[in-house]
Amino acid sequence: MKPKSIKQQEEKIPSLSRKEALVLDLLLNKPSTGMYGLELVNVSGSRLKRGTVYVTLSRMEEKGYVESWQEEPRPDIAGLPRRLYRVSGYGQRVYRLCQQARAAWRMRTLKVGGAL
Amino acid sequence: MKGGFKTKKRSEEWSSISGRGAKGTPLTEFRLYRNDTMWTVEDTANRNRHLKLWKGREPHQQSADFIKLAGTIRERQRSVFERVRGTVIRFLLAVMLVDLIRTMYQNKDRISRPPGSTLFAIADFFCSKKTVGEVVTPLIADMQFEYNEALAGRRKHKAKWIRVRGCWSFFKALGMHSILKTFVEMWRKISSV
């Protein structure tokens, strides 16, 4: 799938749900090799579900947070070739921004809580 | 007993078979075994005389004094070697039978389609190319990979369970995907107005 252009992406304020943030967090642990859907489910420790992970990944790919490619078919492994996902540059930036925003929000909440 | 002969009291072993002269009742017949065949005569008082007479006679004349009871051929006691051999043969036959049954079931292997091919066909018919490419294909590919891994590890039940779970996640993913798409489309239409 063709991700949206940078201009289109910059026009919109990036949104990142908790599940998407979790996926990005997991994918950032393996930035070079990438991970496939079931691997993400196994690594997440039941925070991601088999039925929803592909939909989430598809949505994230549409947003341009992740890139996907099919692994090369091997003669020793039968069946369809798996689809591997990795974080795109835009996804990394969005994730960092989101983390910073969350940290700032937490600090502000703490300050407000302390002042009260 | 081969060739020889032996006398037995009816009340000891045969009362339950003949139905007459149960234990404690006076014996009324005399039995003699020769070549594993039971011969009987209704005269216990003169058993020694009968035996002597019977011994002295020619084999073809012996049946004249004693009545051969049909269907009462007594199986001689087998030696330890024969018993062990019989047990071993029975055991080997049982093993062969079990192996045969197992082979019959194992030979049921046939060329079959990979798991998820029907699901793929259903999705291909009902869903858009985009949905098939982004959701269905990776889901089925992962399921097939996991299934093959389980089969390679000789875990048949696990493989079956993966199949069931894959089927369930397929419907869940498609259902959720369709619902999500509907909501997104609705939101786009509302926001564009």
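Residues numbered from 1 in each chain as written. Chains lettered and ligands numbered in written order. Predicted model: local features only at pLDDT ≥ 70, side-chain atom pairs only at ≥ 80, totals over all residues. Heavy atoms only, no water.

## Some remarks on the overall build of chain B
Regarding its fold elements, chain B presents eight helices and four strands. The secondary structure elements of chain B, listed N-terminal to C-terminal, are β-α-α-β-β-α-α-β-α-α-α-α. A buried classification covers 28% of the 193 residues belonging to chain B. Intrachain contacts of chain B at a sequence separation of at least 6 include 49% that bridge at least 24 residues. Of the roughly 14100 Å² of accessible surface on chain B, a fraction of 60% belongs to carbon and sulfur atoms. (Helix = DSSP H or I, 4+ residues; strand = E, 2+ residues; numbered from the N terminus. Buried < 20%, exposed > 50% of the residue type's maximum accessible area, 1.4 Å probe, protein only. Contact = heavy atoms within 4.5 Å. Areas by Shrake-Rupley, 256 points an atom, 1.4 Å probe, with all protein chains shown as cover.)

## Overview of the packing of aromatic side chains
Under the defined criterion, the tally for this structure stands at four aromatic pairs over all chains. Arranged with centres 5.7 Å apart and planes meeting at 35 degrees, the rings of Y65(A) and Y90(A) form a pair that is tilted. Here Y90(A) lies in helix α5 (residues 89–115) and Y65(A) lies in the loop between α4 (50–63) and β2 (66–70), a separation of 25 residues in the sequence. You can call Y90(A) buried: its relative accessible area is 14%. Between the aromatic rings of F170(B) and F171(B), the centroid separation amounts to 5.1 Å while the plane-to-plane angle is 80 degrees, which identifies the pairing as edge-to-face. For F171(B), a relative accessible area of 45% corresponds to the partly exposed category. Its guanidinium or amino end placed over the ring of F145(B), R82(A) lies 3.6 Å from that ring's centre, counting from NZ or CZ. The side chain of R86(A) reaches across the aromatic face of W69(A), ending 4.6 Å from its centre. (Phe/Tyr/Trp six-rings, centres within 6.5 Å; stacked < 30°, edge-to-face > 60°. Lys NZ or Arg CZ within 6 Å of the ring centre and 35° of its normal.)

## Structural notes on the nonpolar core
A general trend in soluble globular proteins is that nonpolar side chains are found buried together. If you look at the biggest cluster of nonpolar residues, it comprises 38 residues, and the most contacted ones within it are L16(A), L24(A), L27(A) and L40(A). Apart from the residues lying within four places of it in its own chain, the contact partners of L24(A) are L16(A), M60(A), Y65(A), V66(A), V87(A), G91(A) and Y95(A). In terms of nonpolar packing, the next biggest core, distinct from the first, is built from five residues, M143(B), Y147(B), A150(B) and I162(B) among them. (Core = buried A, V, L, I, M, F, W, Y, C linked by side-chain atoms within 4.5 Å.)

## Remarks on the interface of chain B and chain A
Every contact between the two is made by 23 residues of chain B and, on the other side, 21 residues of chain A. Across the chain B/chain A interface, buried area totals approximately 1900 Å², and carbon plus sulfur atoms make up 61% of it. Considering only the side of chain B, the residues that lose the most area to chain A are E134(B), D142(B) and F145(B), jointly responsible for 31% of the buried surface there. Applying the counting rule to chain B against chain A returns two salt bridges. As a salt-bridge pair, K130(B) and E62(A) come within 3.8 Å of each other at their nearest N and O atoms. Within the residue set of the side of chain B that touches chain A, elements represented by two or more residues are α7 (129–152) and α8 (156–192) of chain B. When residues of the side of chain B that touches chain A are assigned to their parent elements, the largest contribution, 15 residues, is made by α7(B). Residues that form the side of chain B that touches chain A fall into these classes: ten nonpolar, six polar and seven charged. (Buried area = accessible area lost by both parts, 1.4 Å probe. Salt bridge = Lys/Arg side-chain N within 4 Å of Asp/Glu carboxyl O. Nonpolar A, V, L, I, M, F, W, Y, C, P; charged D, E, K, R; others polar.)

## Topic: the side chain of S88(A)
All names here are of chain A. In this fold, S88 is placed in the loop between β3 (83–87) and α5. When its relative accessible area of 5% is taken as the criterion, S88 is described as buried. Polar contacts involving the side chain of S88 include one to the main-chain carbonyl oxygen of G64, which spans 2.6 Å. Residues within four places of S88 in sequence aside, it is in contact with G64, Y65, V66 and E67. (Polar contact = N/O pair within 3.5 Å; in protein donor to acceptor, adjacent residues only side chain to side chain.)

## Thoughts on the pattern of salt bridges
The final tally for this structure, using the stated rule, is nine salt bridges over all chains. For E146(B), the salt bridge goes to R50(A), with nearest N and O atoms at 3.2 Å. Here the residue E146(B) occupies a position in helix α7, and R50(A) occupies one in helix α4, the pair thus bridging two chains. Assessed through its relative accessible area of 18%, R50(A) is described here as buried. Linked by salt bridges that have partners in common, E20(A), R59(A) and K63(A) make up one network.

## Some words on the confidence of the model for chain A
Detail in the predicted coordinates should be disregarded across regions flagged by low pLDDT. On average, residues of chain A carry a pLDDT of 82, and 87% of them reach 70 or more. Within chain A, the lowest mean pLDDT, 61, falls on helix α1 (residues 6–11) of chain A, and the highest, 91, falls on β3(A). (pLDDT = per-residue confidence, 0-100.)

## Brief notes about the packing of helix α2 (residues 18–29) of chain A against α4(A)
Packed helix pairs are specified by the crossing angle of their axes together with the interaxial distance, meaning the distance between the axes. All names here are of chain A. Contact geometry for α2 and α4: axes closest at 10 Å, N-to-C directions at 85 degrees. It follows from the interaxial angle that α2 and α4 lie roughly perpendicular. For the pair α2 and α4, the contacting residues are K19, E20, V23 and L24 in the first and T52, T56, L57, R59, M60 and K63 in the second. Classifying every residue of the contact of α2 with α4 gives four nonpolar, two polar and four charged. (Axes fitted to C-alpha atoms, helices over the stretch in contact; angles between N-to-C directions. Parallel < 35°, antiparallel > 145°, perpendicular 65-115°, else oblique.)

## Focus: empty space enclosed by the protein
Scanning all chains against the criterion turns up one cavity of 30 Å³ or more. The space that makes up the largest cavity amounts to roughly 60 Å³. L38(A), R50(A), Y54(A), L139(B), M143(B), E146(B), I162(B), R165(B), G166(B) and S169(B) together form the lining of the largest cavity. Broken down by element, the lining of the largest cavity gets its largest block of residues, four residues, from α8(B). Of the residues belonging to the lining of the largest cavity, the class tally is five nonpolar, two polar and three charged. (1 Å grid on protein atoms, 1.4 Å probe; cavity = no way out; pocket = protein on both sides within 12 Å on 5 of 7 lines; lining within 4 Å. Points joined across faces, edges and corners; volume = space filled by probe spheres on them.)

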